[in-house]
Amino acid sequence: MERFWNKNRSSSRPLSPHLTIYRWPLPMIMSASHRGCGLVLSAGVSLFGLSALLIPGNFESHLDLVKSLCLGPALIYTAKFALVSPLMYHAWNGIRHLMWDLGKGLKMHQLYQSGVAVLVLTVLSSLGLAAM
Amino acid sequence: MAVFWRLSVSCGAKGARALFLRTPVVRPAHVSAFLQDRSTPGVQHIHLSPSHRSGGKAASLHWSGERVVSVLLLGLLPAAYLNPCSAMDYSLAAALTLHSNWGLGQVVTDYVHGDTSQKAAKAGLLVLSALTFAGLCYFNYHDVGICKAVAMLWKL
């Protein structure tokens, strides 16, 4: 692979347009989103862990700071929804991935059906959890 | 063109692993002219990336480990809600950081090319994961812990 990349990088040939000219199928969008959500969630967990080590003050004091901002309930619900939806999407799509690993649901129509199911479940579970 | 694949992996010279594809391939004649068949007709050599040099067994175990931790983490989410406790906090911290580390490792493998760059990226990733885990354990020990923290945040 290293030879492949070295040869192609040094040849400075133009790259044929692909992402900009072909339609993006749903499985492709969902796969990229799965990775994107994973990256965001990992960043969040790392930020949380690192700030526990580096930032002074305990969790309760930080929560009190947020409480003192007196944010409206609509904004709080939106924030909770924004926090929980990448987690829900990644979890439901993760189950879909694990099904594929078992060899199930790999036909084209099943791909689209399970994909839509994941999207619906994500929205419903995110709405529900944010309301708790 | 109907192609049936059957793979058998064997070690090649100079550490590069060669994949022998035994394919009863039906392909047009002009394509055959470009593909260099070696010893036996219908057998092609494909060289895998250096990361596969370390042995199929280790890679296979890693793959299985990834799935096991994924399932474990999926189970921990409702379990932590139904039974929040200190053990759950530490299990979540471990599963979360391990899943995250392995997931980010796949991203690095996909987008970081070159031996030294990849090694450096993986090393940096390991440091980040270790620090994250340390931070979460610190939080679990000295502060309210992950389960309680989520509950407190949600009561906001």
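Residues numbered from 1 in each chain as written. Chains lettered and ligands numbered in written order. Predicted model: local features only at pLDDT ≥ 70, side-chain atom pairs only at ≥ 80, totals over all residues. Heavy atoms only, no water.

Chain B appears in an unreviewed UniProt entry as Succinate dehydrogenase [ubiquinone] cytochrome b small subunit from Orycteropus afer afer. UniProt annotates chain B under Subcellular location (unreviewed entry) with the comment "Mitochondrion inner membrane". (UniProt positions renumbered as here; feature names shortened; annotations may be inferred.)

Named according to an unreviewed UniProt entry, chain A is Succinate dehydrogenase cytochrome b560 subunit, mitochondrial originating from Orycteropus afer afer. Per UniProt, chain A carries the Subunit (unreviewed entry) text "Component of complex II composed of four subunits: the flavoprotein (FP) SDHA, iron-sulfur protein (IP) SDHB, and a cytochrome b560 composed of SDHC and SDHD." UniProt, in the comment section headed Subcellular location (unreviewed entry), describes chain A in these words: "Membrane".

**Student:** Would you mind showing me how to read the overall build of chain A here?
**Tutor:** Along the backbone of chain A there are five helices and zero strands. When the elements of chain A are put in sequence order from the N terminus, they spell out α-α-α-α-α. Here the C-alpha atoms of chain A give a radius of gyration of 21 Å, more than 25% beyond the 14 Å that 2.2 N^0.38 yields for 132 residues. Taking the principal axes of its C-alpha atoms as reference, chain A extends roughly 55 × 40 × 30 Å. Residue burial in chain A is summarised as follows: out of 132 residues, 23% are buried. A sequence separation of at least 24 residues applies to 82% of the contacts in chain A between residues at least 6 apart. In the form shown here, chain A has an accessible surface area of approximately 9000 Å², with 73% of it arising from carbon and sulfur atoms. For chain A, the centre of its 11 positive side-chain charges and the centre of its 4 negative side-chain charges are spaced 20 Å apart. (Helix = DSSP H or I, 4+ residues; strand = E, 2+ residues; numbered from the N terminus. Rg over C-alpha atoms; globule rule 2.2 N^0.38 Å. Buried < 20%, exposed > 50% of the residue type's maximum accessible area, 1.4 Å probe, protein only. Contact = heavy atoms within 4.5 Å. Areas by Shrake-Rupley, 256 points an atom, 1.4 Å probe, with all protein chains shown as cover. Lys, Arg positive; Asp, Glu negative; His and termini not counted. Charge placed at Lys NZ, Arg CZ, Asp CG, Glu CD.)

**Student:** Sorry, what's going on with the packing of helix α2 (residues 26–54) of chain A against helix α4 (residues 115–142) of chain B here?
**Tutor:** The description of two helices packed together rests on the angle between their axes and the distance between the axes. Taken N-terminus to C-terminus, the directions of α2 of chain A and α4 of chain B make an angle of 60°; their axes are 7 Å apart at the nearest point. As far as their axial angle goes, α4 of chain B and α2 of chain A are oblique. Seen along the crossing, α2 of chain A lies across α4 of chain B with a hand that is left-handed. Only Leu 128, Leu 131, Thr 132, Ala 134, Gly 135, Leu 136, Tyr 138 and Phe 139 of chain B of α4 of chain B make contact with α2 of chain A, whose side of the interface consists of Val 45, Ser 46, Phe 48, Gly 49, Leu 50, Ala 52 and Leu 53 of chain A. (Axes fitted to C-alpha atoms, helices over the stretch in contact; angles between N-to-C directions. Parallel < 35°, antiparallel > 145°, perpendicular 65-115°, else oblique. Left-handed = near helix turned anticlockwise from the far one by under 90°.)

**Student:** Mind showing me how you'd approach the UniProt feature "binding site: heme b" (unreviewed entry) in chain B here?
**Tutor:** Mapped onto the present numbering, the UniProt feature "binding site: heme b" (unreviewed entry) falls on His 99 of chain B. Following the sequence through the fold, His 99 of chain B ends up in helix α3 (residues 86–111). According to the relative accessible area criterion, His 99 of chain B is partly exposed, its value standing at 25%. With sequence-adjacent residues up to four places away left out, His 99 of chain B is seen in contact with His 90 of chain A together with Val 69, Ser 70 and Leu 73 of chain B.

**Student:** Got a minute to help me understand the UniProt feature "binding site: a ubiquinone" (unreviewed entry) in chain B in this structure?
**Tutor:** The residues that UniProt annotates with the feature "binding site: a ubiquinone" (unreviewed entry) are Tyr 111 of chain B. Here Tyr 111 of chain B is to be found in helix α3. Within polar-contact distance, the side chain of Tyr 111 of chain B engages the side chain of Arg 35 of chain A at 3.1 Å. (Polar contact = N/O pair within 3.5 Å; in protein donor to acceptor, adjacent residues only side chain to side chain.)

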